[in-house]
Number of protein chains: 2
Amino acid sequence: METYYAVIFTSQRTEKDGAGYAKMAEVMDSLAQKQPGFIRVESVRDAEGKGITVSYWKTLEAIQAWKENAKHLVAQQFGKENWYTQYHVEICQVMKEYSFTK
Amino acid sequence: METYYAVIFTSQRTEKDGAGYAKMAEVMDSLAQKQPGFIRVESVRDAEGKGITVSYWKTLEAIQAWKENAKHLVAQQFGKENWYTQYHVEICQVMKEYSFTK
């Protein structure tokens, strides 16, 4: 298995959406997918505003570059000010994977 | 940072719930928390049945022991037969973490 990395982003949304959260999330999603080293992203948010997003990357440098992307930095700032009451990030190396499809 | 591990479980639920999914999920959750090496679990499922659960463990041996737990094996079999159309598992080593609280 080729080495790759996962970024686990667990978050709790505020109730306010006026500042354009959905639009920004869409733009960031699309921007992330154009970053060098991006593999894929999985995202779920429930009705209570709790969310887990896992993005997969080829290298740690790719993760760092995305974290420092200028537009993403703006979104991160908006996130802290408006959209999240809390979040937690773990950067991980994937060691093993398997799947099941019916 | 002490080394620890994350198991990312991304799944799509079937529509049927008759076979006791919610109850089994609750029992498994409680059982996992009693396993040696368990740290914590985060879980989100949206209205379309897509879910991400991330469990955190102190060692790879703890993850393996939970995977092979007899009651958990029964739940896994039920899961494949009844509750999931697909799932994907990644076992990861956490390299870095940070968080934000408002």
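Residues numbered from 1 in each chain as written. Chains lettered and ligands numbered in written order. Predicted model: local features only at pLDDT ≥ 70, side-chain atom pairs only at ≥ 80, totals over all residues. Heavy atoms only, no water.

Engineer: An account of the overall build of chain A is needed here, citing residue identities and associated values.
Structural biologist: Within chain A one finds three helices and four strands. Listing every helix and strand of chain A by position from the N terminus yields β-α-β-β-α-α-β. Here the C-alpha radius of gyration of chain A, 14 Å, is about what a compact globule of 102 residues would show, namely 13 Å. A fraction of 75% describes how many contacts in chain A between residues 6 or more apart in sequence connect residues 24 or more apart. Total accessible area computed for chain A in this model is approximately 5,700 Å², and 53% of it derives from carbon and sulfur atoms. Between the centroid of the 13 positive side chains of chain A and the centroid of its 13 negative side chains there is a distance of 2 Å. (Helix = DSSP H or I, 4+ residues; strand = E, 2+ residues; numbered from the N terminus. Rg over C-alpha atoms; globule rule 2.2 N^0.38 Å. Contact = heavy atoms within 4.5 Å. Areas by Shrake-Rupley, 256 points an atom, 1.4 Å probe, with all protein chains shown as cover. Lys, Arg positive; Asp, Glu negative; His and termini not counted. Charge placed at Lys NZ, Arg CZ, Asp CG, Glu CD.)

Engineer: Give a description of the UniProt feature "domain: ABM" (unreviewed entry) in chain A that names residues and reports values.
Structural biologist: With numbering matched to this structure, UniProt assigns "domain: ABM" (unreviewed entry) to residues 21–76 of chain A. In this annotation, residues 21–76 of chain A is assigned 52% helix and 29% strand; the end-to-end C-alpha distance for the span is 11 Å. (UniProt positions renumbered as here; feature names shortened; annotations may be inferred.)

Engineer: An account of the pattern of salt bridges is requested, with residue identities and associated values reported.
Structural biologist: Per the stated rule, a full pass over the model turns up eight salt bridges over all chains. Residue arginine 40 of chain A pairs with glutamate 90 of chain B through a salt bridge whose shortest N-O separation is 2.9 Å. Placement of arginine 40 of chain A in strand β2 (residues 38–45) and of glutamate 90 of chain B in strand β4 (residues 84–101) is noted, with the two residues assigned to different chains. Look at the salt bridges and you will find they share partners, linking Arg40 and Glu42 of chain A together with Lys50 and Glu90 of chain B into a network. (Salt bridge = Lys/Arg side-chain N within 4 Å of Asp/Glu carboxyl O.)

Engineer: Quick one: what's the story with the relation of the copies chain A and chain B, residue by residue and with numbers?
Structural biologist: Overlay of chain A on chain B (RMSD 0.0 Å): rotation 180°, translation along the axis 0.0 Å. Viewed as a symmetry operation, the transformation between the two copies matches a two-fold axis. Minimal C-alpha distance to the rotation axis in chain A is attained by aspartate 46 of chain A, lying at 2.3 Å. When the interface residues of chain A are mapped onto chain B, 100% of them again fall at the interface, so both copies present the same face. (Least-squares fit on C-alpha atoms with pLDDT ≥ 70 in both.)

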